[in-house]
Amino acid sequence: MPPPPTPPTFALQQTLPRLPIPPVQQTLALYLQTIRPFCASDKDYAETEAHVKQFVASGAAAQLQERLLAHDKTQPGSWLSNWWLALAYHSWRESVLVNSNWYIIFRNADGAESADQSGPRDFTALQVKRAANLTAGCLDYKDRIDNEQLPIEMTKAGPICMNQYRNVFGVTRVPKKDCDYNFGTHPCHFKHICVSIRNQFYALQVYVGRNRLTAEAIEKQLWKIIEAAKKTSVQQPAVGILTAEHRDTWSLAHEHLEKLDPQNKTSFSIIESAIFNLALDEFLVGPSTDSLAKYVFHNFDGSNRWFDKSITLCVSADGRAGANGEHSPLDALVCAYLMDYAVKENKQTTPEMVDASLFQPIAWVVDTKAKEYIANAQVFAKNLIADSDVKVLNFRKFGTDFIKKEVGTSPDAFMQMALQLTFFRMHGHFPAVYETASTRKYLYGRTETGRSMSIDSANFIKTFNDTSASPTKKVEALKIACKNHVDYLSKAGNGFGVDRHLLGLRLVMKPGESYEIFKDPVFARSSHWDLSTSGLFSSKNVVGTGFGTVYPDGYGMNYALHSGNITIGVESKTSNKKTDTAAFCSTLEKVLEDMQTVVLAAVSETKAKL
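Residues numbered from 1 in each chain as written. Predicted model: local features only at pLDDT ≥ 70, side-chain atom pairs only at ≥ 80, totals over all residues. Heavy atoms only, no water.

A. Representation of the overall build of the protein. Scanning the protein from terminus to terminus reveals 19 helices and 22 strands. Scaling as 2.2 N^0.38, a compact globule of 610 residues should have a C-alpha radius of gyration of about 25 Å, and the protein matches this with 25 Å. With the C-alpha coordinates aligned to their principal axes, the bounding extent of the protein is approximately 75 × 65 × 60 Å. Out of the 610 residues belonging to the protein, those deemed buried represent 57%. Here the analysis covers contacts within the protein between residues at least 6 apart in sequence; of these, 79% occur between residues at least 24 apart. Accessible area for the protein stands at about 25000 Å²; split by element, carbon and sulfur atoms hold 54% of it. Computed over 66 positive and 64 negative side-chain charges, the inter-centroid distance for the protein is 3 Å. (Helix = DSSP H or I, 4+ residues; strand = E, 2+ residues; numbered from the N terminus. Rg over C-alpha atoms; globule rule 2.2 N^0.38 Å. Buried < 20%, exposed > 50% of the residue type's maximum accessible area, 1.4 Å probe, protein only. Contact = heavy atoms within 4.5 Å. Areas by Shrake-Rupley, 256 points an atom, 1.4 Å probe, with all protein chains shown as cover. Lys, Arg positive; Asp, Glu negative; His and termini not counted. Charge placed at Lys NZ, Arg CZ, Asp CG, Glu CD.)

Shown next, in the form of structure tokens:
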């Protein structure tokens, strides 16, 4: 018998439960557990505990909880989703470049080798073919979403929310003073992508009627665009660099350009409605993975991009490629599934299109003030990028196979303990750690904070650094810390973490209301993320991922745990004298080696006792 048909992609959305609001005293008790490592003394902890008890005894906690529950009843899908989009992303006014956008870098195309050098190079056949194949793969994925043929993601507990897939294509963040917004609807009914070459933008029609262009047809159109870009006698201003600016500055420039001439409004509309952006650059990345990460993350100077697009495919002259994405419409994990699919270079079966040109250049009208905005943005982007220290580490001595077999813990928890131990070795204190926990088991769920630092992980760090402790004792401490981590991450994924609930309580406070719990220095310290971390699934098609640090004195990192190796992209700020990306990566390598040595020594101790 043939297998039963899979349900349409969005068929189970309305069966998903709503994101819960935990009992307030449960959250506060968990909060007290998480802040213990950040209290310098028992006195500090007692003061924080007193603030929490007063918050409850005064009736304030119950009152705010009632307001939050009332707010929940007014929201159609989730009490958090609208707040989160506005507060975590759209009202945050720093540049999306480096600060918010993520990057995903791909393996080389089949049969292609990286150039042994880097630097300027004319467009190449390898580059254009790779770009066409990636574009075709993305469009195939789009059709699967639009036709609801994408399988619903499932866990042991059941289906998870697929809503973010509605925000993959045709979505663009638009600057607006104080709070941006996203343009786009699902399904995206526009039929063009945007192609950027030499800071010039072109709208390329990739659907003709109901037919989608094949990879071969896209390749021909890209060569036509390259030819047009080379022959143009009128070089359009580099308006795309404005998307790298501070959001309020960009909103003023955007408004100025719209008012300056109707042509600009039309051009904005074409770019903002495009399915995604494809950037082709006259540059050899070379064999360095770090260079590839920087190329996809910011293109070294922020040129030839529209950083507000939900997806920008970036392809260099040596065919090295990746994707850069604006974070607000969807999380990088969702986009990573798309990229994993697109890199597989799926062959298309749609009929060949006619040879006519299917693109149009996007034009701008600028004045002296607009040119000044662009010049300032170029300087702004250059300084922002110069302050971003990016590196991708590929640790090859072991991976998940070793961790599962010899340690018997969650590989993710093992990695989190390694990251904490690394930070402690470098900086001498326990880090506040954010790990992304997915809440997609709920309708419109996105993330909750996994507070990875705990009493048990602090004890592991102390024990591991204790030269008198035996390997067996060190591994026992590691296992206890890993179990605590898994337990907390499970709570967070089920909607019973600390941070989102406390955020909700703060958001329903009225003007003039103030509570010591939220003014407590320990409250601020426990969420000042020294390590902002997230993990992606293992894939041979993705060789690195990353994003910027949340705080200028911390690190931002995204890792993938493979069977025999571990990859991690790390970013910190060169202007901060305390942090150092290269030193973090080299220290992490040594920590992982030390942990392996201790684990194997503990195994030997156990065997010796038998």
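Now that the structure is up, let's keep going.
B. Layout of the sheet that holds strand E13 (residues 312–315). A sheet is described by the order of its strands in space; here 8 strands give the open sequence E15-E8-E7-E11-E13-E14-E1-E20, paired in mixed fashion. Edge strands, defined here as strands with exactly one partner in the open sheet, are strand E15 (359–361) and strand E20 (542–547). Ignoring which end each strand starts from, the neighbouring axes of this sheet average 20° apart. Taken together, the 4 bridges between strand E1 (residues 102–106) and strand E14 (residues 321–325) define a ladder with antiparallel strand orientation. Bridged to Ile104 within E14 is Ala323. Seen against the sheet, helix H9 (residues 289–298) touches E1, strand E11 (277–280), E13, E14 and E20 and runs at an angle of roughly 135° to E1. (Pairing = 2+ DSSP bridges. Axes fitted to C-alpha atoms, helices over the stretch in contact; angles between N-to-C directions.)

C. Focus on the sheet that holds strand E21 (residues 555–561). Pairing is mixed across the open sheet formed by 6 strands, whose spatial order is E16-E22-E21-E19-E17-E18. Bordering the open sheet on either side are strand E16 (388–395) and strand E18 (447–451), each of which pairs with just one other strand. In this sheet, neighbouring strand axes are inclined to one another by 25° on average, regardless of whether the strands run parallel or antiparallel. Those strands touched by H9 are E16 and strand E22 (566–573), and its axis lies near 135° from that of E16.

D. View of the packing of helix H13 (residues 411–427) against helix H14 (residues 455–464). Two numbers describe how H13 lies on H14: the axes approach to 10 Å, and their chain directions differ by 60°. Taken together, the axis directions place H13 and H14 in an arrangement best described as oblique. Here the hand of the crossing between H13 and H14 comes out right-handed. Contacts between H13 and H14 pair Met417, Gln420, Leu421, Phe424 and Arg425 from the former with Ser457, Phe460, Ile461 and Phe464 from the latter. (Parallel < 35°, antiparallel > 145°, perpendicular 65-115°, else oblique. Left-handed = near helix turned anticlockwise from the far one by under 90°.)

E. Looking closely at the nonpolar core. Counting 60 residues, the largest nonpolar core has Phe169, Leu222 and Leu313 as its most contacted members. What Leu222 contacts, discounting residues up to four positions off in sequence, is Val128, Ala131, Ala132, Val195, Leu204 and Leu278. (Core = buried A, V, L, I, M, F, W, Y, C linked by side-chain atoms within 4.5 Å.)

F. Fine view of helix H6 (residues 215–231). Compared with an ideal rise of 1.5 Å per residue, which puts 17 residues at 24 Å, H6 spans 24 Å between its outermost C-alpha atoms and is within 8% of the ideal. Among all positions in H6, only Ala215, Ala217, Ile218, Glu219, Gln221, Leu222, Ile225, Ile226 and Ala229 are buried. Contacts made by the buried residues of H6 are with helix H5 (125–146), strand E7 (192–197), strand E8 (200–205), E11 and E15. (Expected span 1.5 Å × (residues − 1).)

G. Broad picture of helix H1 (residues 24–35). Here H1 is 12 residues long and its end C-alpha atoms lie 17 Å apart, about the 16 Å a rise of 1.5 Å per residue gives. Every buried residue of H1 is listed here: Val24, Thr27, Leu28, Leu30, Tyr31, Leu32, Thr34 and Ile35.

H. Quick look at the packing of aromatic side chains. Scanning all chains against the criterion turns up 27 aromatic pairs. Taken together, a centroid distance of 6.3 Å and an interplanar angle of 50° make the contact between Phe169 and Phe276 tilted. Of this pair, Phe169 sits in the loop between strand E4 (158–159) and strand E5 (172–174) while Phe276 sits in the loop between helix H8 (262–273) and E11, and the two are 107 residues apart along the sequence. What makes Phe276 buried here is its relative accessible area of 0%. One aromatic cluster is present, formed by Tyr31, Phe55, Tyr515, Phe518 and Phe523 through successive ring pairs. Sitting over the face of the ring of Tyr45, Arg36 holds its NZ or CZ atom 4.6 Å from the ring centroid. (Phe/Tyr/Trp six-rings, centres within 6.5 Å; stacked < 30°, edge-to-face > 60°. Lys NZ or Arg CZ within 6 Å of the ring centre and 35° of its normal.)

I. The arrangement of the pairing of strand E19 (residues 531–536) in detail. Of all 6 residues that make up E19, 5 are buried, and the element is covered over most of its length. Bridge count for strand E17 (residues 433–438) against E19 is 3 bridges, and the pairing is parallel. Residue pairing in the sheet places Val433 in a bridge with Leu531 of E19. Taken together, the 6 bridges between E19 and E21 define a ladder with parallel strand orientation. When the sheet's bridge partners are listed, Ser534 is paired in E21 with Asn558.

J. Spotlight on the pattern of salt bridges. In total, this model carries 32 salt bridges according to the counting rule given. Arg173 serves as the salt-bridge partner of Asp180, at 2.7 Å between the closest nitrogen and oxygen. Residue class for Asp180 comes out buried when judged on its relative accessible area of 4%. On the accessibility criterion, Arg173 (2% relative accessible area) is buried. Linking Arg305 and Asp281 is a salt bridge whose minimum nitrogen-to-oxygen distance equals 3.0 Å. Of this pair, Arg305 sits in the loop between H9 and E13 while Asp281 sits in the loop between E11 and strand E12 (283–284), and the two are 24 residues apart along the sequence. Take Arg305 and Asp281: they sit in the same class, and that class is buried. Salt bridges sharing common partners tie together Arg93, Arg173, Asp180, Arg247, Asp248, Asp308 and Glu326. (Salt bridge = Lys/Arg side-chain N within 4 Å of Asp/Glu carboxyl O.)

K. Representation of the pairing of E14 within the structure. Judged by how many residues are buried, E14 sits mostly within the fold: 5 of 5 residues are covered. Across the two faces of E14 the burial is the same, with Ala321, Ala323 and Gly325 and Gly322 and Asn324 all buried. The pairing of E13 with E14 spans 4 bridges and is antiparallel. Bridge pairing in E14 places Cys314 opposite Gly322. In this structure, the hairpin formed by E13 and E14 is closed by a connection of 5 residues, where Gly319 is found at a positive phi of approximately 75°.

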